[in-house]
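Residues per chain are reported as follows:
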Amino acid sequence: MTISYNWISEYIPLQIDHEKISKILTSIGLEVESMERFESIRGGLAGLIVGEVKEAFQHPGADKLKLTKVDVGNGEILQIVCGAPNVAAGQKVIVAREGTTIYPVKGDPVTMKKAKIRGEESFGMICAEDEVGIGENHEGIIILPADLKAGTPISEYYKPYTDWIYEIGLTPNRMDAMSHYGVARDICAYLSHHENKEIRAKNFSADEVPSAKNEIPFTVKIENTKSCKRYSGVCIAGIEVKPSPQWLQDKLRAIGQRPINNIVDITNFILHDTGQPLHAFDAAKVAKNTVIVKNLPPGSTFKTLDGKERNLNTEDLMICDGNEKGMCIAGVFGGIDSGVTPSTKNIFLESAWFNPVDIRKTSFRHGLRTDAAMRFEKNVDISNCLNVLKRAAMMIVELAGGRIAGDWIDVYPSPDEKSTVVLGYEYMKKLSGKKYEPQTVKNILSNLGFGIRKESENEVEVEVPYSKPDITLPADVVEEVMRIDGYDNIAIPSSITITPSVGGNTVAHIRKEKVADYLVGAGFSEIFTNSITNAAYFEDGELAKGVRLLNNLSAVHNLMRPSMLQTGLESVAYNINRKNHDLRFFEFGKTYHNGGVGKYFETEHLCLFVTGNKNELGWKGKAVATDVFYVKGIVEAALSLSGVKDNNWDVTENPRLRNSLVLKKGSAILCELGTVAKAELQRFDIKQEIFFADIRWNVLMELTGKQEIKFVPLPNQLSVQRDLAMVVPRSLPFKSVGESIKKINLSKLKSVKLFDVFESDKLGADKKSFAINFTFLDEEKTLTDKEIESMMNRIMLTLEKDLNAEIRKGS
């Protein structure tokens, strides 16, 4: 929010310097993010003076230069070499003396120095328009009126406009401060409280507006009273559309607005002055002198001021004429056929209240983020529509030469009543940490526009002004008092008491932290990606079950993600593009799905993204590339930490993954993993393999929630290990080996691990060799060789029988 120091100072009855205003603004919650000086003429013409050319004759060493003698006041005569063709004796000119800095229209500032030009000394410069920032003309020097006195500062003649401009970090709830008057009202409330005297912001009074004949009668009809609760308007005749006076142009330029013409400039001025948007229609283009506020039927189109044909939504509120033809998208943007033009003579001026929700939706739907829309969507003061209209109308009469040519129209079918809030003084002390005197509280609230309805020893009931629709709770009122008093005035207590939380971390949170700690220790980095993604990443079948945004902030963020793969790949691609090729990421997040008939559900996930090498190239060894088995091992370890072991993986089909595996517990999928499909990688311009694992965290928590944690002492006996090599068909998965051994039900067999796979034609056609490690343990006694051999023989016989395995025995 941009605020002008000069502008707000017109409302404050005291003279306060800009630095103090800045501190006050920050103190009352309107944080000043920057404060910069504005100059309508860069440099403010500082140091430039009026000079009188006493003599002007040809430079002895140059045909196009002249040697002048210039009186700069107090009898001081300067010799100045000048190249302007129009310089002559007797002229009053602008002189930049030695040491003066000039600010040309183009280029950097230049400080005048004593110079020797073609052998003649020059002690300054006689200036043209563009050399001092006054204009663009460089055909000759500026010739001033003859009655100006030599030595007079030029700034006294041109009177350049200077100001201090504040950029305020305005929070969304402070619509009351989206205007110069609103900010000035807060400053006056602060001053009243801290200087112990009543200081009120000056304001325009509607009583000053004269009545008028109904020369050009207009009619206003509101069909949608929910979206437009109040509509005020008036016809102004006999105007002349022309440039605004300089003071108005300067004010608008200071806050970054471009002056257009007097009518548009007045509506912009009123917008930034009061926070109330206005709209001016060419009265001759309003059919039947009738304004209808309504929604148009489906399929309607409308051409806006920017010349674009827009397809209207049935929720878009429109301002229509007597033929029900759209003239303006209410509160957002005007139409190309009804706006004010240089030939306009009569206008119909609108001041209204539109529903903030409807305006925000329409504004985003059509990509029209106008100043008016941004104020309407944050709500405007519904009580001020007519008053602001009258003020704008009187300015137009004054600056455009018009006259009020119709009745003051004010359609307000169901006037809003002021809301009330009851504030308990004890509650205020508890919330603020400071004991406020009741009279102090009432004074602050009164200065902010609150009305005192009822009061007692313990509480006060206040009426909330229409300008503060966000005030609904006692806590809101406490905040108003505290910010005017100043947060710095809340004393720091001598002691701080803390009530410890009764509940500790939940089991789910502890398990999440445990797994996260393991992954970080394994070299993974945690990422957080946007849960809103691009619908273009997904097929129609996925989109049918997806959750689309109705009011998305951008075209590429229009869907709640149905999968975490795509948002993770965005992060992977971002890092790869910055030469980070070895990546290990994990993310806890949610996906979102449409269950139909207005039902939506969320699913929690833990996803892993791995690419590149497992270790860096070093003198001890070569870099080893990541593979899907590395990712599977990480997943197995993470599941084991959560108490899920003895997992059986199955090969599955997944259009987004190659060589994909799935782990199920019952009918529920616990995890899917694999290599990301090339088509998916191409979408993100990734040219290296990415391995992806998706653990359904909800399913995992449900499984672990059913398990009991039991303490088992460490065994007193030592385990015994045996290795076995066997030749099997190349198509046989190791899973079949594990299932076959499991059927034997050997209680002393504690683990079966595959530690080598060897493939060679020497083994036979379509054959491969498994090398397997077995670990045996009897927790009661030491196993004998005979017992171990017996178990190994049973294993070998079973494998030979079930899998047609050929046991490889050493010689």
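Residues numbered from 1 in each chain as written. Predicted model: local features only at pLDDT ≥ 70, side-chain atom pairs only at ≥ 80, totals over all residues. Heavy atoms only, no water.

Right, let's get into the sheet that holds strand β28 (residues 459-463). Consider a sheet: its strands pair through backbone hydrogen bonds, and that pairing is either parallel or antiparallel. Judged by pairing direction, the sheet is antiparallel, and its three strands sit side by side in the order β26-β28-β27 without closing on themselves. Strands with a single pairing partner mark the edges of an open sheet, and in this sheet they are β26 (420-424) and β27 (451-455). Ignoring which end each strand starts from, the neighbouring axes of this sheet average 30° apart. Where β27 lies against β28, four bridges are found, and the strand directions are antiparallel. Bridge pairing in β28 places Gly451 opposite Glu463. Sheet contacts for helix α12 (residues 438-447): β26, β27 and β28; angle to β27, the most-contacted strand, approximately 150°. (Pairing = 2+ DSSP bridges. Helix = DSSP H or I, 4+ residues; strand = E, 2+ residues; numbered from the N terminus. Axes fitted to C-alpha atoms, helices over the stretch in contact; angles between N-to-C directions. Contact = heavy atoms within 4.5 Å.)

Turning to unusual backbone geometry, a few remarks are in order. Here Lys579, not a glycine, exhibits a phi torsion of approximately 70°, which is positive. Positionally, Lys579 belongs in the loop between α16 (565-576) and β33 (583-596). With phi around 55°, Asp685 is a residue other than glycine that occupies positive phi space. Here Asp685 is to be found in the loop between α18 (678-683) and β38 (690-696).

Pairing is antiparallel across the open sheet formed by three strands, whose spatial order is β1-β13-β2. Each of the sheet's edge strands pairs with one partner strand only, and the pair in question is β1 (2-4) and β2 (31-39). Averaged over all pairs of adjacent strands, the angle between strand axes in this sheet comes to 25°, irrespective of strand direction.

Right, let's talk about the packing of aromatic side chains for a bit. Applying the stated criterion across every chain, the model contains 13 aromatic pairs. With a centroid separation of 4.9 Å and 80° between ring planes, the pair formed by Tyr157 and Tyr158 is classed as edge-to-face. A relative accessible area of 37% places Tyr157 in the partly exposed class. Look at Tyr158 and you get partly exposed, because its relative accessible area is 27%. Among the aromatic residues, those joined into a ring-pair cluster are Trp7, Trp247 and Phe269. One residue, Lys229, lies across the ring of Trp353, its end atom 5.2 Å from the ring centre. Above the plane of the ring of Phe364 lies Arg369, whose end atom (NZ or CZ) is 4.2 Å from the centre. (Phe/Tyr/Trp six-rings, centres within 6.5 Å; stacked < 30°, edge-to-face > 60°. Buried < 20%, exposed > 50% of the residue type's maximum accessible area, 1.4 Å probe, protein only. Lys NZ or Arg CZ within 6 Å of the ring centre and 35° of its normal.)

All right, on to the packing of helix α2 (residues 18-27) against helix α5 (residues 180-195) then. Where α2 meets α5, the closest approach of the two axes is 10 Å, and the angle between their N-to-C directions is 95°. Taken together, the axes of α2 and α5 are roughly perpendicular relative to one another. On the side of α2, the interface is formed by Lys20, Ile21, Ile24, Leu25 and Ser27, while α5 contributes Val183, Ile187, Tyr190, Leu191 and Glu195. Of the residues contributing to the contact of α2 with α5, the split by class is seven nonpolar, one polar and two charged. (Parallel < 35°, antiparallel > 145°, perpendicular 65-115°, else oblique. Nonpolar A, V, L, I, M, F, W, Y, C, P; charged D, E, K, R; others polar.)

With that settled, the discussion passes to helix α21 (residues 785-803). With 19 residues, α21 should reach 27 Å at 1.5 Å per residue; the first-to-last C-alpha distance of 26 Å fits that figure. If you check which residues of α21 are buried, you get Ile788, Met791, Met792, Ile795, Met796, Thr798, Leu799 and Leu803. Looking straight down α21, one finds that the buried residues subtend no more than 165° of arc, so they occupy a single side. Of the residues in α21, the exposed ones pointing more than 90 degrees away from the buried face are Lys786, Leu797 and Lys801. Packing partners of the buried residues in α21 comprise β39 (720-729), α20 (734-744), β40 (749-759), β41 (767-776) and β42 (806-808). Backbone geometry just after α21 places Asn804 at a positive phi near 55°. (Expected span 1.5 Å × (residues − 1). Arc of directions from axis to C-beta.)

Enumeration over the complete set of coordinates arrives at 46 salt bridges. Across the salt bridge formed by Lys454 and Glu461, the nearest N and O atoms sit 3.7 Å from each other. By relative accessible area, which is 54% here, Lys454 ends up exposed. Across the pair Glu787 and Lys781 runs a salt bridge whose closest N-O atoms are separated by 2.8 Å. Here Glu787 falls in the partly exposed class, since its relative accessible area comes to 28%. (Salt bridge = Lys/Arg side-chain N within 4 Å of Asp/Glu carboxyl O.)

In terms of nonpolar packing, the biggest core is built from 71 residues, with Ile21, Leu25, Tyr166, Ile187, Ile236, Leu349 and Ile396 touching the most fellow members. At nine residues, helix α10 (residues 385-400) tops the list of elements feeding residues into this core. Setting aside its immediate chain neighbours within four residues, Ile236 contacts Lys345, Asn346, Ile347, Leu349, Ala393, Ile396, Val397, Gly402, Arg403, Ile404 and Ala405. Listed in part, the 40 residues of the second largest apolar core include Ile216, Cys235, Val291 and Leu317. (Core = buried A, V, L, I, M, F, W, Y, C linked by side-chain atoms within 4.5 Å.)

All right, on to the environment of Gly367 then. Mapping Gly367 onto the fold places it in the loop between α8 (356-365) and α9 (371-376). Using a relative accessible area of 55% as the deciding quantity, one classes Gly367 as exposed. The sequence separation of Gly367 and His138 amounts to 229 residues, and the corresponding C-alpha distance is 43 Å.

With that settled, the discussion passes to helix α11 (residues 425-432). Within an α-helix, residues lying three or four positions from one another point in the same direction, as the helix has 3.6 residues per turn. Every buried residue belonging to α11 is among Tyr425, Met428 and Ser432, and all of these are buried. Taken down its axis, α11 places every buried residue within 55° of arc, on the same side. Opposite its buried face, α11 presents the exposed residues Glu426 and Lys430, each directed more than 90 degrees away. Close packing links the buried residues of α11 with β26, α12, β28 and α13 (474-485).

With that out of the way, let us pick up the packing of helix α14 (residues 507-521) against helix α19 (residues 697-705). When two helices pack together, their arrangement is given by the angle between the helix axes and by the axis-to-axis distance. Across the interface, α14 lies against α19 with an axial gap of 11 Å and an inter-helix angle of 115°. As summarised for this structure, α14 and α19 are arranged roughly perpendicular, according to the angle between their axes. Between α14 and α19 lies a crossing whose hand is right-handed. Across the interface between the two elements, Ala508, Arg511, Lys512 and Val515 of α14 pack against Trp697, Met701, Thr704 and Gly705 of α19. Here the contact of α14 with α19 is built from residues that sort into four nonpolar, two polar and two charged. (Left-handed = near helix turned anticlockwise from the far one by under 90°.)

Once that is clear, we can look at the environment of Val422. Relative to the helices and strands, Val422 resides in strand β26. Among the residues examined, Val422 registers a relative accessible area of 39% and is labelled partly exposed. Between the alpha carbons of Val422 and Glu463 there is a distance of 9.1 Å; along the sequence they are 41 residues apart. Filtering out sequence-adjacent residues up to four positions away, Val422 remains in contact with Glu459, Val460, Glu461 and Pro474.

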